[in-house]
Amino acid sequence: MNKALAVLVVSLMLFARTKDDYSGNRPFQIIVQDTNNVQICISNYGKFGQTAACNADCWWPKGSGYSYIFGAGLWFSTVDSITGDTLVTIGYGPHGAETEFAPGLSGMAPGNPKAIIYLSSANWPPPAGVFPMAPQEILSHEDSWCCFNDSDSVYHIPNDTRPIGIEVYQTVYEWTYPILEDMVFFKYEIKNVTDHTLYDCYLGIVFDCDIGNEAAPNQNDICNAIIGKWYVINCESIWVDNLAYQWQQEFEPGWAEFPGVVGVDLLQTPFDLQEGQDKDNDGILDQYERDSAYYVNNLPFQMWDVDNDGLPDWRDASENPQLEMTAYKRFTLNLEPNKDNERYLTLAGYNFRTGQYEPYDTITPPPDDQRFLLSTGPFNLLPDSVITIVFALILAQWHDIYQTPDTALVLVDKWAQWHYDLNWSIGIYENARGSVLSDRISIKPNPVSNSATITFTLRSESPVSVKIYNSLGQLVRVVLNQIKPKGIHSVNCGTSGLPAGSYFVLFDDGCRRKVIKIMVIK
């Protein structure tokens, strides 16, 4: 049985079981988010990159019709502390497009019209009275938010699993800036809504990244992962980790261009903090990393925000030790984990057939209809506690440009990591309110040899900071950090001592940020 037929049969079986529930009890919903160069379906029940009819639905570049994902979704697992059972709730099952989540909060009345997807360009914001955890401000050029839960046994696969008791708050971001136009950011916040601790939890994202048609006999995709590696590209050193990707070596029938490469980078995972240890070697013991009182009472002011992104380190995930990607597992349609015990083993980094611990499947496999899972854990989740995972879906062209697809993806991924690590630094300055910084900002000359003049206009007196970051997102120079009166100002921006390359000048007046790219030449 080929892939398309197998998925159709299983999907029809699932649809027959839950048809009344989907159509009458919950507002199961899928929308297309496509503000930038990526068109992708997102749902309010755990899966993304797939249509309601179980067709591939992540196209890039926008308008091309070239598909890169057949389906993807969230997996969450725990071990029942009483029975010892392994429980896994899946947002997407590659074998048959299964999902075990339902829209809305746990216990929300069937048919509640507010258990939907909220889109910043349409029906924003989510009602705070119903969803107090939902964002109210718009962060990107297109935000979406929804929530779903696994508490209703009706939606779980019969004779396989039962509810764990979690709610998931999903936020998706897209920016239209050139350096961010080929990526989509996903943020999942998972809350334990039971009255007991969830032990030995693992959290994963499973991808069936079909590039074009992968139905037999066209299985020709290849996938791999970067656990942690330095790349030197165009004389620039770039560190990449927690990145999985998929590509193919052949032309895709019907496509005018050679297929690109699609990847997913885990940008944030649960914290890895253990008392008495200093996991990130920053001189702060793990138990104090998230303790604001410790910073205020024991550390100088300049150590409260070491990356100068405006977010105190005790609240800055990028400045705290994290579990990171603890497993990358690969499988195919004919050999994949289909039951809870198999899925739990896979999330934990084991070969579910042999029971052997093999956390990273990084030997490049022969072409096939490949699927992969990135996971992180283990961790315990207390009642009413929330853990967060953030990842970026990124795409790039590589054929006849670079020898290997990962090189092209690294150059895109560095901007995704930079943007996240600096607390979504670029923002959407056009939509900011209350700013005293006008749009009349210039840097001349650009490219810069030794120094440039930065000219800007203030509508009223304000504290203004002007900082320079390199392409890795590291602060390399503070040009200005003081209160300035209303009017036109010019400051000298010296670049002596900076290696040649791309840099970003970040303006901040406390209400709005603006970024201008400069080139330093020698």
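Here is what the cut-offs are and how they apply
Residues numbered from 1 in each chain as written. Predicted model: local features only at pLDDT ≥ 70, side-chain atom pairs only at ≥ 80, totals over all residues. Heavy atoms only, no water. pLDDT = per-residue confidence, 0-100. Contact = heavy atoms within 4.5 Å. Phe/Tyr/Trp six-rings, centres within 6.5 Å; stacked < 30°, edge-to-face > 60°. Helix = DSSP H or I, 4+ residues; strand = E, 2+ residues; numbered from the N terminus. Buried < 20%, exposed > 50% of the residue type's maximum accessible area, 1.4 Å probe, protein only. Pairing = 2+ DSSP bridges.

Chemist: Looking at this model, I keep getting lost on the confidence of the model for the protein. Mind explaining?
Modeler: When pLDDT is averaged along the protein, the result is 87, and 91% of the positions lie at 70 or above. Scored below 50 in pLDDT, residues 429–434 makes 10 contacts in the model with residues more than four places away or belonging to other chains.

Chemist: I tried to follow the packing of aromatic side chains on my own but got confused; where do I start?
Modeler: To describe a pair of aromatic rings, one takes the distance between the centres and the angle between the planes. All told, the structure shown has 38 aromatic pairs when counted by the stated rule. Residues Phe186 and Phe391 carry aromatic rings whose centres are separated by 4.9 Å and whose planes lie at 5° to one another, so their mutual orientation is stacked. Of this pair, Phe186 sits in strand S11 (residues 183–192) while Phe391 sits in strand S18 (residues 386–396), and the two are 205 residues apart along the sequence. According to the relative accessible area criterion, Phe186 is buried, its value standing at 0%. Owing to a relative accessible area of 0%, Phe391 belongs among the buried residues under this scheme.

Chemist: What should I look at first to understand the pairing of strand S9 (residues 142–149) in this one?
Modeler: One face of the sheet, then the other: side chains in a regular strand alternate in exactly this way. The buried fraction of S9 amounts to eight of the eight residues, a majority that puts the element mostly inside the structure. Residues of S9 alternate between two faces, with Glu142, Ser144, Cys146 and Phe148 on one and Asp143, Trp145, Cys147 and Asn149 on the opposite face, all of them buried. Pairing analysis gives two bridges linking strand S7 (residues 102–103) to S9, with the strands arranged antiparallel. Across the sheet, residue Pro103 finds its bridge partner in S9, namely Phe148. Bridging between strand S8 (residues 118–119) and S9 involves two bridges; their strand directions are antiparallel. Opposite Tyr118, over in S9, you have Trp145 as the bridge partner. Bridging between S9 and strand S10 (residues 166–174) involves eight bridges; their strand directions are antiparallel. Each bridged residue has a counterpart across the sheet, and for Asn149 the counterpart in S10 is Glu167.

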